[in-house]
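As a plain string of letters, each chain reads:
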Amino acid sequence: MRYLSWLLGFVLFLLALGFAVKNSDAVVVHYYLGYQWQASLVLVILVFFFSGVAVGVAASLGYLFRQRREIFYLKREIRAKAQTEKSDEE
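Residues numbered from 1 in each chain as written. Predicted model: local features only at pLDDT ≥ 70, side-chain atom pairs only at ≥ 80, totals over all residues. Heavy atoms only, no water.

Some thoughts on the overall build of the protein chain
- For the protein chain, the helix and strand inventory stands at two helices and two strands.
- Its C-alpha radius of gyration of 26 Å places the protein chain more than 25% over the 12 Å reference for a compact globule of 90 residues.
- For the C-alpha atoms alone, the extent of the protein chain along its principal axes is close to 80 × 50 × 10 Å.
- Looking at the protein chain as a whole, 4% of its 90 residues are labelled buried.
- Taking as baseline every contact in the protein chain between residues at least 6 positions apart, the subset at least 24 positions apart corresponds to 3%.
- Counting only carbon and sulfur atoms, one obtains 67% of the accessible surface of the protein chain, whose full area is about 8,500 Å².
- Charge-centre separation for the protein chain: the mean point of 10 positive side chains lies 12 Å from the mean point of 7 negative side chains. (Helix = DSSP H or I, 4+ residues; strand = E, 2+ residues; numbered from the N terminus. Rg over C-alpha atoms; globule rule 2.2 N^0.38 Å. Buried < 20%, exposed > 50% of the residue type's maximum accessible area, 1.4 Å probe, protein only. Contact = heavy atoms within 4.5 Å. Areas by Shrake-Rupley, 256 points an atom, 1.4 Å probe, with all protein chains shown as cover. Lys, Arg positive; Asp, Glu negative; His and termini not counted. Charge placed at Lys NZ, Arg CZ, Asp CG, Glu CD.)

Below, the structure written as structure tokens:
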């Protein structure tokens, strides 16, 4: 299984490398107020892909922290309930 994952990773790397070589032409990204950025197409695609990933991760952090806080409170409630049941038995 390990060799299969290495092979798959190598194939994906070769596909990405082929994509980068085929799309190395310079492109111009125009911003507001006349600003522009000139870079290779692959670099522009990677920058926007990773910035999208960063925005997606940042958007999900609130939900993740809310879940962790709820799990913490539920575990504390279970411990407190177990303590009261233990003291009732004595």
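Regarding the packing of aromatic side chains
- Tallied over the entire structure, the rule returns two aromatic pairs.
- Arranged with centres 5.2 Å apart and planes meeting at 70 degrees, the rings of Phe49 and Phe50 form a pair that is edge-to-face.
- Using a relative accessible area of 53% as the deciding quantity, one classes Phe50 as exposed.
- Centroid distance Phe72 to Tyr73: 5.7 Å. Interplanar angle 55 degrees. Geometry classified as tilted.
- Overall, the relative accessible area of 44% leaves Phe72 in the partly exposed class.
- Residue Tyr73 is classed as partly exposed on the basis of its relative accessible area of 42%. (Phe/Tyr/Trp six-rings, centres within 6.5 Å; stacked < 30°, edge-to-face > 60°.)

With respect to a nonpolar patch on the surface
- On the surface, a nonpolar cluster with roughly 740 Å² of combined accessible area is contributed by Leu46, Phe49, Phe50, Val53, Val57, Leu61, Leu64 and Phe65.
- Here Val57 shows up in helix α2 (residues 41-89).
- Taking relative accessible area as the criterion, Val57 reaches 45% and is therefore assigned partly exposed. (Patch = residues over 30% accessible without salt bridge, like charges linked within 9 Å, V, L, I, M, F, W, Y side chains within 5 Å. Salt bridge = Lys/Arg side-chain N within 4 Å of Asp/Glu carboxyl O.)

A look at the environment of Ala58
- The residue Ala58 is located in helix α2 in this model.
- With 26 residues separating them along the chain, Ala58 and Thr84 place their C-alpha atoms 40 Å apart.

Some thoughts on the pairing of strand β1 (residues 26-30)
- As defined by bridge partners, β1 adjoins strand β2 (residues 36-40) across five bridges and the pair is classed as antiparallel. Bridge assignment links Val27 to a residue of β2, and that residue is Ala39.
- The turn linking β1 back onto β2 is made up of five residues, and Leu33 within it adopts a positive phi angle of 60 degrees. (Pairing = 2+ DSSP bridges.)

Here we look at the confidence of the model for the protein chain
- For the protein chain, per-residue confidence averages 88 on the pLDDT scale, and 97% of positions sit at 70 or higher.
- Looking across the protein chain, the model is least confident in helix α1 (residues 2-22), with a mean pLDDT of 87, and most confident in α2, with 89. (pLDDT = per-residue confidence, 0-100.)

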